[in-house]
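Secondary and tertiary structure notes
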Amino acid sequence: MNTDLFILDSYALIYRSYFAFISRPLSNGHGENVSAVFGFFRSLKTLFDRCRPAYFAAAFDSAVFTCNDHLNRFRVVNRYG
């Protein structure tokens with residue numbers, strides 16, 4: 001029985017997909033850049049076709065200030081100072 005859990009860092013994949021097509025961006029009929037959307041879903045389809053995970057979660061960065069953001073400021077300061 002397959003019990004694999006995949007957790008996807010969605011914004012990392014979207015960012016990577018956008019810049020993968022930077023020299024020849026993909027556009028829709030309205031001229032809008034759809035490279036990130038295409039790359040994201042193509043990678044997602046490849047993941048499901050190859051690995052067939054039993055469970056899947058897509059994580060997105062939060063738009064609001066979180067406790068981790070507060071802690072990261074101290075980690076960065078301690079790293080260089």
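As the structure is a prediction and not an experimental result, all values here were calculated from the model. (Residues numbered from 1 in each chain as written. Predicted model: local features only at pLDDT ≥ 70, side-chain atom pairs only at ≥ 80, totals over all residues. Heavy atoms only, no water.)

A word on the overall build of the chain. From N to C terminus, the chain includes 3 helices and 2 strands. For the chain, with 81 residues in total, the buried portion stands at 15%. In the chain, 57% of the contacts between residues at least 6 apart in sequence involve partners at least 24 apart. (Helix = DSSP H or I, 4+ residues; strand = E, 2+ residues; numbered from the N terminus. Buried < 20%, exposed > 50% of the residue type's maximum accessible area, 1.4 Å probe, protein only. Contact = heavy atoms within 4.5 Å.)

Looking now at the packing of aromatic side chains. On inspection of all chains with the given rule, the structure shows 6 aromatic pairs. An angle of 85° between the planes, with centres 5.1 Å apart, marks the rings of F40 and F41 as edge-to-face. Judged by its relative accessible area of 9%, F40 is buried. With centroids separated by 5.0 Å and ring planes inclined at 65°, the aromatic side chains of F48 and F56 adopt a geometry described as edge-to-face. In this structure F48 comes out as partly exposed when scored by relative accessible area, which is 31%. Taken together, Y15, Y18 and F19 form an aromatic cluster joined through their ring pairs. (Phe/Tyr/Trp six-rings, centres within 6.5 Å; stacked < 30°, edge-to-face > 60°.)

Let us look at the packing of helix α1 (residues 10–20) against helix α2 (residues 35–51). At their nearest, the axes of α1 and α2 sit 7 Å apart, and the two run at 120° to each other. Judged by the inter-axis angle, α1 sits oblique to α2. Where α1 crosses over α2, the handedness of that crossing is right-handed. Touching S10, L13, I14, S17 and Y18 of α1 are S35, A36, G39, F40 and S43, all from α2. For the contact of α1 with α2, the per-class residue count stands at 5 nonpolar, 5 polar and no charged. (Axes fitted to C-alpha atoms, helices over the stretch in contact; angles between N-to-C directions. Parallel < 35°, antiparallel > 145°, perpendicular 65-115°, else oblique. Left-handed = near helix turned anticlockwise from the far one by under 90°. Nonpolar A, V, L, I, M, F, W, Y, C, P; charged D, E, K, R; others polar.)

Our next topic: the nonpolar core. Counting 5 residues, the largest nonpolar core is built from L8, L13, F40, L44 and L47. With sequence-adjacent residues up to four places away left out, F40 is seen in contact with L8, S10, L13, I14 and S17. (Core = buried A, V, L, I, M, F, W, Y, C linked by side-chain atoms within 4.5 Å.)

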